[in-house]
Amino acid sequence: MGKIENQKAWFFVLPVLFLVAFNALIPLMTVVNYSVQETFGDNTFFWAGLMWFEEVLLSERFHASLMRQMIFTFSILAIEIPLGVAIALTMPRKGPWVPVCLVLMALPLLIPWNVVGAMWNIFALPDIGLLGRTLNAIGFDYNFTRQPGDAWFTMILMDVWHWTSLVVLLAYAGLVSIPDAYYQAAKIDGAKPFAIFRYIQLPKMKRVLTIAVLLRFMDSFMIYTEPFVLTGGGPGNSTTLLSIDLVKIALGQFDLGPAAAMSLIYFLIILAMSWVFYTVMMRNEAK
Amino acid sequence: MRNLSRFVPALYILFLLLPIYWLVNMSFKTTNEILGDFTLWPREFTLENYITIFTDPTWYMGYVNSLAYVSINTVLSVAVALPAAYAFSRYRFLGDKHLFFWLLTNRMAPPAVFALPFFQLYSAVGLFDTYWAVALAHTLFNIPLAVWILEGFMSGVPKELDETAYVDGYSFPRFFIKIFIPTIAAGIGVAAFFCFMFSWVELLLAKTLTAVDAKPIAATMTRTASTSGYDLGLLAAAGTLTIIPGAIVIYFVRNYIARGFALGRV
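So, how was this worked out
For every chain, the first residue of the written sequence is number 1, and numbering continues from 1 onward in sequence order. Numbering of ligands from 1 and lettering of chains from A proceed in the order in which they are written. Thresholds applied to this predicted model are a pLDDT of at least 70 for local features of residues and 80 or more for the giving and counting of side-chain atom pairs; totals over whole chains, interfaces and linings are not thresholded and use all residues. UniProt positions are given in the numbering used here, feature names are shortened, and annotations may be inferred rather than shown by experiment. Boundaries between domains were set according to an automatic or database domain assignment. Note on contacts: residues are paired as contacts if their backbone-placed C-beta atoms lie within 7 Å. Only runs of H or I of at least four residues qualify as helices and only runs of E of at least two qualify as strands under DSSP, and these elements are numbered from the N terminus. Each residue gets one of three labels, nonpolar for Ala, Val, Leu, Ile, Met, Phe, Trp, Tyr, Cys and Pro, charged for Asp, Glu, Lys and Arg, and polar for the others, Gly among them. The term nonpolar core means buried Ala, Val, Leu, Ile, Met, Phe, Trp, Tyr and Cys residues held together as one set by C-beta atoms within 7 Å. Burial is judged by counting other C-beta atoms within 10 Å of a residue's own C-beta: 20 or more means buried, 12 or fewer means exposed, and anything between counts as partly exposed, with every C-beta placed from the backbone. What a helix is expected to span follows from its residue count: subtract one and scale by 1.5 Å. Of all possible arcs, the one meant is that of the directions from the helix axis to the C-beta atoms. When DSSP finds at least two bridges between two strands, those strands are taken to pair.

Per an unreviewed UniProt entry, chain A is named ABC transporter permease, and its organism is Roseibium aquae. According to the UniProt record, the Subcellular location (unreviewed entry) comment for chain A is "Cell membrane".

As structure tokens, then:
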């Protein structure tokens, strides 16, 4: 669509530019600053070059956190996206139940993240939690505070609980935008349900699903509060994801140099992967 | 098969409600009952936990603080995002695409990365432990989101609307306030909803930027849990109360949720 060339439009953007620049550029420069300097805690700083970057990139601790982060993010994407689409497909399109479903499904999205963690902690405790107690009663030896496998199971289940609704709501928004005529045409042609899904519903959902995958990727990669409140990164380091590790180094140990270098690497990984996701999906759409 | 699939959303909603039920259940129990028995509903029903919260200022001020910075953030984010989104949806200008992408990259910045620099920045400008610090810090991810959503809604409004208004002799500010804003009211509602949502649920930055005077309710919860032992009933009651504002907000936007979550771009 034809937009008018108008340089004065910059004035409309200025307030946003000013606020975001204040919040993004100054802190980012602080981080860059720390990442190339060494300090001995007496407020004197020395040029350290790329030392911290090298240290972080070569450290096993960082590799382990990054690995855990990747496993976590790809697991929840592999569960939440198909599950969300499946639930959206089975939801009623019209009728009195639609708003009820939507409101109930959106509920987890508006609960503060540490409350989500605390709620799941209480829910999953093996002695007083409904989930923990039930699992133990039917014969599983379940204890998420002691066994890494159980901690992972709980963490992933919590994220599925917390965020699948976002995928459902996005996919549902795509589905309700399909005109009835499409379905009628498919019926006349005698299309099977899978064919309807493959050739009518999926293409219509592509755009919103792109948004869903991007949002879920970015947010799960940055996740901090929920797993921290649930497991504290433990048992051991088994659920220490990237953000948890970073906060430990930056605010716990106050190792500013390594923390800053790690921050930048972390941010760049998210940017690069979001860009890859985005281009790949946009290319598929163009085809 | 058709009837069977009806159960999928119902089962899913049941799964969503179970942990919430357990939290609410706990909030009405006494500490003795929580630790002593495993009961599916409160046997000794008590409102004591809620009474504690509503009578102790260190608790209820947490809610006031949270609502204060969330409101400031929502109003501020939407107010500055409106003209910017209009510029992006209507005009081409030097560097527009780069600027839009750069804005969105801030949505990808992990709060953990910014926690420490934000602490130093807001201490330096003297805003530490005020509503404004948290409200401003949250604009980092809320402004890009608001611009993105509003731009989607505005691009759906035909340009002829603007042109007709100018022909009728409207000045730009009058057109924008009298005609354009009412036209995209739904979009503004959705953008405000998302700003409220992300500011309300975020804790890492809110906790880092406050100490006493502006401490959010969610932070009060974590501190109480660690200082006075593990008073689960109280914790559960405080948690239950944090769900309510969100539930009210969802109820108001329920008819826009489906479209709004697609950011107006289906």
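Draft legend 1. Highlighting the domain arrangement of chain B. Residue and element names in this part refer to chain B. Here chain B is described as being made up of domain 1 (1–46) and domain 2 (58–261). Computed from C-alpha coordinates alone, the two centres of domain 1 and domain 2 are separated by 31 Å. The interface is formed by 9 residues belonging to domain 1 together with 8 residues belonging to domain 2. Where the side of domain 1 that touches domain 2 is concerned, the elements lending two or more residues are helix 1 (2–27) and helix 2 (31–36). If you tally residues by element for the side of domain 1 that touches domain 2, the top one is helix 1, at 5 residues. Across the side of domain 1 that touches domain 2, the residue classes break down as 5 nonpolar, 3 polar and 1 charged.

Draft legend 2. Looking closely at the nonpolar core. One finds A171 of chain A together with A81, A84, V134, A146, V147 and L150 of chain B to be the most contacted residues of the largest nonpolar core, which totals 157 residues. Examining the composition of this core, we find that 17 residues originate from one element, helix 7 (residues 131–155) of chain B, more than from any other. Beyond its immediate sequence surroundings of up to four residues, V147 of chain B is in contact with V16 of chain A together with A81, A84, A85, F88 and L103 of chain B.

Draft legend 3. Spotlight on helix 5 (residues 96–107) of chain B. For helix 5 of chain B, which comprises 12 residues, the first-to-last C-alpha distance of 18 Å matches the rise-based estimate of 16 Å (1.5 Å per residue) to within 8%. Among the residues of helix 5 of chain B, L99, L103, N106 and R107 of chain B are the ones counted as buried. Along helix 5 of chain B, the residues classed as buried sweep out an arc of 120° about the axis, all on the same side. In helix 5 of chain B, those exposed residues whose orientation departs by more than 90 degrees from the buried face are K97, H98 and F101 of chain B. Looking at the buried residues of helix 5 of chain B, the elements they touch are helix 1 (9–35) and helix 9 (193–221) of chain A together with helix 7 of chain B.

Draft legend 4. Molecular detail of the UniProt feature "transmembrane region" (unreviewed entry) in chain A. Residues and elements named next belong to chain A. Within the UniProt annotation, "transmembrane region" (unreviewed entry) is assigned to residues 12–34, 70–91, 97–115, 160–178, 208–225 and 260–281. Here residues 97–115 is 68% helix and 0% strand, with 28 Å between the C-alpha atoms at its ends. Between the end C-alpha atoms of residues 260–281 the distance is 32 Å, and the span holds 100% helix and 0% strand.

Draft legend 5. Highlighting the UniProt feature "domain: ABC transmembrane type-1" (unreviewed entry) in chain A. Following the UniProt record, the feature "domain: ABC transmembrane type-1" (unreviewed entry) maps to residues 66–277 of chain A here. Spanning residues 66–277 of chain A, this segment combines 76% helix with 0% strand, and its end C-alpha atoms are found 18 Å apart.

Draft legend 6. Seen up close, the environment of L246 of chain A. Mapped onto the elements, L246 of chain A comes out in helix 11 (residues 242–252). For L246 of chain A, the residues in contact, after removing those within four places along its chain, are A259, M262, S263 and Y266 of chain A together with A112 of chain B.

Draft legend 7. A look at the environment of R6 of chain B. All names here are of chain B. Counting through the fold element by element, R6 comes out in helix 1. On the basis of neighbour counts, which here come to 13 C-beta atoms within 10 Å, the residue R6 falls in the partly exposed class. Residues R6 and P245, spaced 239 residues apart in sequence, show a C-alpha to C-alpha distance of 30 Å.

Draft legend 8. Inspection of the interface of chain A and chain B at higher detail. Opposite the 73 residues of chain A that make contact, chain B presents 78 residues. Ranked by residues supplied to the side of chain A that touches chain B, first place goes to helix 1 of chain A with 14 residues. Class assignment for the residues of the side of chain A that touches chain B results in 57 nonpolar, 12 polar and 4 charged. Taken together, the 2 bridges between strand 1 (residues 4–5) of chain A and strand 1 (residues 91–92) of chain B define a ladder with parallel strand orientation. Pairing of I4 of chain A across the sheet is with Y91 of chain B, part of strand 1 of chain B.

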